[in-house]
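Here are the chains, one letter per residue:
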2 protein chains.
Amino acid sequence: MSKNSDLSRSLTRVLDVNDLGVVIRDTGLDSFVDQLIARLRDGFSSFNSDVVQSQIRSGFSYMNPGLGLVEWMPVHQVGDVVSVKTVGYHPDNPQDRNIPSVLATTALYDTTTGGLKAIVEATVLTALRTGSASAVVTDRTSPNRPITLGVVGSGAQAVTQIHAISRVRPIARLIATDSNPENTLSLAGRLPSGMAEVEAVTLSEFQELVSEMDVICTCTSVEPGDGPVIQLDDAKPTVHVNAVGSDFPGKTEMPLSFVTEAVVIPDLVEQCLIEGEAQRLAPDQLGPTMVEILSEPELHTDLVDTKTLFDSTGWSYEDLIVAELFAEHADRLGLGTMVELTAISSDPYDPLATLRLSDSSRAKQKAQ
Amino acid sequence: MSKNSDLSRSLTRVLDVNDLGVVIRDTGLDSFVDQLIARLRDGFSSFNSDVVQSQIRSGFSYMNPGLGLVEWMPVHQVGDVVSVKTVGYHPDNPQDRNIPSVLATTALYDTTTGGLKAIVEATVLTALRTGSASAVVTDRTSPNRPITLGVVGSGAQAVTQIHAISRVRPIARLIATDSNPENTLSLAGRLPSGMAEVEAVTLSEFQELVSEMDVICTCTSVEPGDGPVIQLDDAKPTVHVNAVGSDFPGKTEMPLSFVTEAVVIPDLVEQCLIEGEAQRLAPDQLGPTMVEILSEPELHTDLVDTKTLFDSTGWSYEDLIVAELFAEHADRLGLGTMVELTAISSDPYDPLATLRLSDSSRAKQKAQ
């Protein structure tokens, strides 16, 4: 029995995109995102940095020939798990290779043994958790009535921003633009059914309509140095903006005037100061953090009545929460493929034992 | 065709410990390690930091209830691949759980797309590359004749240290010790066949024999602060030490007198100063690096005639080299399991497409 449990500890569960499809079709997208929003809200409200230790992401960026980067986002839930999401961001992927610009996987390590417990699809999960984080913040910063939502950038992230926000606020009117008009026109067909009709407009038309918007999401692949993607001088005095695209030094989507005027709500302060909209601010110019507005709501009651900016660079803790939600549903449905990635043997001091064994003697050892 | 190649780019090859067993049994352990030693030697000799960019490892360490850590070791081969080895070190694993203290996997990311190309067993590969790196350095620092080899710490790493060194120097005499006598006694049975007979001795007997040793490997799980594991006052004036165990702040195996007296050869300067034997030295007390003694041998001709210390903390570039050697053999033998970890769809802007498709429509899409 102890031998068996030792063996099972060394197995890694692979949860791939097909497994995720089964989970989402079983649970329903609306219900899965509702659960995710609730988990994120709980996680932020009760956040304790002694229990959840996150590091800002680090990685390699390069021109090869276009901009590319591979980076890792680690978080440690003390006494339980270390989660490391690895993300590739290659903005030429859609046009040149017909694959998403963001590709990601999350690895979950057992902190008792150090073993790799699971490796999980995270490309779709990243889009889902980014949308859901915007929904959690929008729920605290926008009027509690049907809203007019504007979206700048109509690619993959727009889909999950719109859908997740629709779970916390009825969307009365939905206005979208993109530097590529084809993306704006195709957006409606990529949204889950039941969303508001998409008003697909040019950027200048969008600009004319800014004064009517309650909430704006920016989720573009603007090149570093080429922002802002929109002017916000005419925005409502109560507008809330979810700035999702800024995730690289020099890459910002907001006009500086709006960043200095609005209450800036960072998801992860140190990371926002390096690569978020906040990279142009001093630390004392930041507003309360995402964790603070959720854990201390009584201290931040005025957010609905003022201009607010959610500086969403993406937090490794969000990746852990969504990976665990996926893994729980996968467990319930009996999904996943087990692989024997790491070496085990009857003798932990004998690194070559596993290699020496023939397949038949391995089978015998396992059966013991 | 282009659709097919897009699809294949999103698949991840899993190379597990069973695949590694097939490769080693096909190639032969001696031959595999000879190839690895040659690859490491070539990699170090021709090393160019514009082409191979490595970062020092980072991670989370904790007491849970004993010492544990999970850390990642990244390296970027420009224009080709980012490799991230994730390592767990849990020194209580062997005694408490009958599994190795070091558990590791290496993930290889394509820098064109950011996709996860492969995930590879790295527990055994780590032991093999650590032994082979010691062999590469020992070959430059020890007399070119049969040697007397002493080993402090007779666990998993001892096996691969002894075997790899035997590929560059005949081992005339092999003396081993361990804080646990059982490990010393069982070492002979864990070595590949054809090694010298093991003289299994107590630490005090080992200490008496130090003056006869040409090369010493220390590969212990000494607790931080509990070193040194051996005294070297009586060592030969030409002794070479491979210090393998020091890989954590406070964890050192060498007496300070030896570290200050010997030529200290770091594998990765910044990392050695944090967690290697060099953590007790100032940067200007270090000798030439492993790369320097191999890329500029004409500048370092006296290493055989003096006391030398290889400060082996483990370098992510070594992990990339051994993973690629394994992957090449696996390719040749047609090994590995393909998994569809990351999401693909006919539309890179549609993150939900993959989730909406039924299994049969997926199959149709793939067959197009």
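J.: Looking at this model, I keep getting lost on the overall build of chain A. Mind explaining?
T.: Secondary structure summary: chain A contains 14 helices and 15 strands in total. The C-alpha atoms of chain A give 22 Å as radius of gyration, which agrees with the globular expectation for 368 residues (21 Å, within 12%). If you line up chain A on its principal axes, its C-alpha atoms span 75 × 45 × 40 Å. The burial tally for chain A puts 54% of its 368 residues in the buried class. When contacts within chain A are restricted to residue pairs at least 6 apart in sequence, those whose partners lie at least 24 apart make up 71%.

J.: I would appreciate a short explanation of helix H12 (residues 316–333) of chain B in the present structure.
T.: The periodicity of an α-helix, 3.6 residues per turn, causes residues three or four positions apart to be oriented the same way. All names here are of chain B. End to end, H12 covers 26 Å across 18 residues, agreeing with the expected 26 Å (1.5 Å per residue, within 8%). With 13 of 18 residues buried, H12 is to be regarded as a mostly interior element. Of the residues flanking the end of H12, it is Gly334, one or two places downstream, whose phi is positive at about 65°.

J.: Could you clarify how one ought to interpret the pairing of strand S4 (residues 67–77) of chain A in this entry?
T.: Residues in a regular strand project their side chains so that they alternate between the two faces of the sheet. Residues and elements named next belong to chain A. Counting buried positions along S4 gives nine out of eleven residues, so the element sits mostly inside the fold. Pairing geometry for strand S2 (residues 52–54) and S4, over three bridges, is antiparallel. Among the inter-strand pairings, Val52 is bridged to a residue of S4, identified as Gln77. Sheet topology note: the strand S3 (residues 58–63)/S4 ladder contains six bridges and is antiparallel. When the sheet's bridge partners are listed, Met63 is paired in S4 with Leu67. Connecting S3 to the antiparallel partner S4 that follows it, the hairpin turn spans three residues. Relative to strand S5 (residues 81–89), S4 runs antiparallel, the two sharing nine bridges. Pairing of Gln77 across the sheet is with Val81, part of S5.

J.: How should the packing of helix H5 (residues 123–141) of chain A against helix H12 (residues 316–333) of chain A be read in this particular structure?
T.: Helices that pack against each other are described as a pair by the angle of their axes relative to one another and the distance between those axes. Residues and elements named next belong to chain A. For the pair H5 and H12, interaxial distance at closest approach is 10 Å and the crossing angle is 115°. Taken as a pair, H5 and H12 cross one another with a handedness that is right-handed. Where H5 approaches H12, its residues Leu125, Leu128, Arg129 and Ala133 are matched on the opposing element by Glu318, Asp319, Val322, Ala323 and Phe326.

J.: What exactly am I supposed to notice about the interface of chain A and chain B here?
T.: How big an interface is tends to be stated in terms of accessible area lost as the parts join. Taken together, the contact pairs 72 residues of chain A with 72 residues of chain B. The leading source of residues in the side of chain A that touches chain B is helix H2 (residues 17–27) of chain A, at six residues. Looking at the side of chain A that touches chain B residue by residue, the class counts come to 36 nonpolar, 27 polar and nine charged.

J.: Where do I start with the nonpolar core in this structure?
T.: Soluble globular proteins tend to pack their nonpolar side chains together in the buried interior. Residues Leu309(A), Phe326(A), Leu309(B) and Phe326(B) are the most contacted members of the largest nonpolar core, which totals 212 residues. When residues no more than four places from it in sequence are discounted, the contact partners of Leu309(B) are Val241(B), Ala243(B), Met254(B), Phe258(B), Val259(B), Ala262(B), Val263(B), Val264(B), Ile265(B) and Glu277(B).

J.: Looking at this structure, how should I read unusual backbone geometry?
T.: Residues apart from glycine generally show negative phi values, whereas peptide bonds are mostly found in trans. Residues and elements named next belong to chain A. Following Asn64, the chain continues to Pro65 via a peptide bond in cis, the omega torsion being -10°. Between Gly227 and the following residue, Pro228, the backbone shows a cis peptide bond with an omega angle of 0°. A positive phi is found at Asn98, a non-glycine position, where the angle reads about 60°. Looking at the secondary structure, you find Asn98 in the loop between helix H4 (93–97) and strand S6 (102–110).

J.: Mind showing me how you'd approach the sheet that holds strand S9 (residues 171–177) of chain A here?
T.: Strands pair in a sheet through their backbones, by hydrogen bonds, and they do so in one of two ways: parallel or antiparallel. Residue and element names in this part refer to chain A. Spatially, the seven strands line up as an open sheet ordered S10-S9-S8-S11-S12-S14-S13, and their pairing is parallel. Either end of the sheet is taken by a strand with one partner, and the two such strands are strand S10 (198–200) and strand S13 (263–266). Between one strand axis and the next, the sheet turns by 20° as a mean value, whatever way the strands run. One ladder, built from four bridges, connects strand S12 (residues 240–243) with strand S14 (residues 308–311); its direction is parallel. For Val241, the partnering residue across the bridge sits in S14 and is Leu309. With respect to the sheet, helix H6 (residues 156–166) is in contact with strand S8 (147–152), S9, strand S11 (215–218) and S12, its orientation differing from that of S8 by roughly 165°.

J.: What's the story with the domain arrangement of chain A in this structure? I'm lost.
T.: All names here are of chain A. Segmentation of chain A into domains returns domain 1 (2–124 + 318–367) and domain 2 (135–314). Put simply, the middle of domain 1 and the middle of domain 2, counted by C-alpha atoms, are 29 Å apart. Residue-level contacts link 17 residues of domain 1 with 18 residues of domain 2. Class assignment for the residues of the side of domain 1 that touches domain 2 results in nine nonpolar, three polar and five charged.

J.: What is the right way to read helix H5 (residues 123–141) of chain B from this model?
T.: Compared with the 27 Å implied by 1.5 Å per residue over 19 residues, the 28 Å span of H5(B) between its first and last C-alpha is a close match. Where burial is concerned, most of H5(B) is hidden: 18 out of the 19 residues are buried.

J.: Any chance you could explain the sheet that holds strand S8 (residues 147–152) of chain B here in plain terms?
T.: Residue and element names in this part refer to chain B. Overall, parallel pairing links the seven strands, which are arranged S10-S9-S8-S11-S12-S14-S13 in an open sheet. Since the sheet does not close on itself, it has two edges, and those belong to strand S10 (198–200) and strand S13 (263–266), each with one partner. Strand after strand, the sheet turns through a mean of 20° between neighbouring axes, direction not considered. With four bridges connecting them, S8 and strand S11 (residues 215–218) associate as parallel partners. Residue pairing across strands places Gly150 opposite Ile216, the latter belonging to S11. Across the face of the sheet, helix H6 (residues 156–166) comes into contact with S8, strand S9 (171–177), S11 and strand S12 (240–243) while running at roughly 165° to S8. Those strands touched by helix H7 (residues 181–190) are S9 and S10, and its axis lies near 170° from that of S10.

J.: How should the relation of the copies chain A and chain B be read in this particular structure?
T.: Placing chain A over chain B gives an RMSD of 0.0 Å and needs a rotation angle of 180°, together with 0.0 Å of translation along the axis. Such a turn and shift between the copies fits a two-fold axis.

J.: Help me understand the packing of H5(B) against H6(B), please; the structure alone is not making it clear to me.
T.: Residues and elements named next belong to chain B. Two elements in contact, H5 and H6, have axes separated by 8 Å at closest approach and are oriented at 40°. Relative to H6, the element H5 is oriented oblique. Viewed along their axes, H5 and H6 form a crossing whose handedness is right-handed. Residues Ala127, Leu128, Thr130, Gly131, Ser132, Ser134, Ala135 and Thr138 of H5 touch H6, and the partners they reach there are Ala156, Gln157, Thr160, Gln161, His163, Ala164 and Ile165. For the contact of H5 with H6, the class distribution of residues is six nonpolar, nine polar and no charged.

J.: Looking at this model, I keep getting lost on the environment of Leu69(A). Mind explaining?
T.: Residue and element names in this part refer to chain A. For Leu69, the location among the structural elements is in strand S4. Residue classification places Leu69 among the buried residues on the basis of 20 C-beta atoms within 10 Å. Separated by 85 residues in sequence, Leu69 and Ser154 have C-alpha atoms that sit 22 Å apart. Filtering out sequence-adjacent residues up to four positions away, Leu69 remains in contact with Gly59, Phe60, Ser61 and Tyr89.

J.: Hey, could you run me through the environment of Thr252(A) in this one?
T.: Residue and element names in this part refer to chain A. Structurally, the position occupied by Thr252 is in the loop between S12 and helix H9 (256–261). With 28 C-beta atoms counted inside 10 Å, the residue Thr252 sits in the buried group. Apart from the residues lying within four places of it in its own chain, the contact partners of Thr252 are Gly227, Ser246, Glu277, Gln279 and Arg280.

The rules behind the values
Residues numbered from 1 in each chain as written. Chains lettered and ligands numbered in written order. Predicted model: local features only at pLDDT ≥ 70, side-chain atom pairs only at ≥ 80, totals over all residues. Helix = DSSP H or I, 4+ residues; strand = E, 2+ residues; numbered from the N terminus. Rg over C-alpha atoms; globule rule 2.2 N^0.38 Å. Buried ≥ 20, exposed ≤ 12 C-beta atoms within 10 Å, placed from the backbone. Contact = placed C-beta atoms within 7 Å. Expected span 1.5 Å × (residues − 1). Pairing = 2+ DSSP bridges. Axes fitted to C-alpha atoms, helices over the stretch in contact; angles between N-to-C directions. Left-handed = near helix turned anticlockwise from the far one by under 90°. Nonpolar A, V, L, I, M, F, W, Y, C, P; charged D, E, K, R; others polar. Core = buried A, V, L, I, M, F, W, Y, C linked by C-beta atoms within 7 Å. Domains from an automatic or database assignment. Least-squares fit on C-alpha atoms with pLDDT ≥ 70 in both. Parallel < 35°, antiparallel > 145°, perpendicular 65-115°, else oblique.

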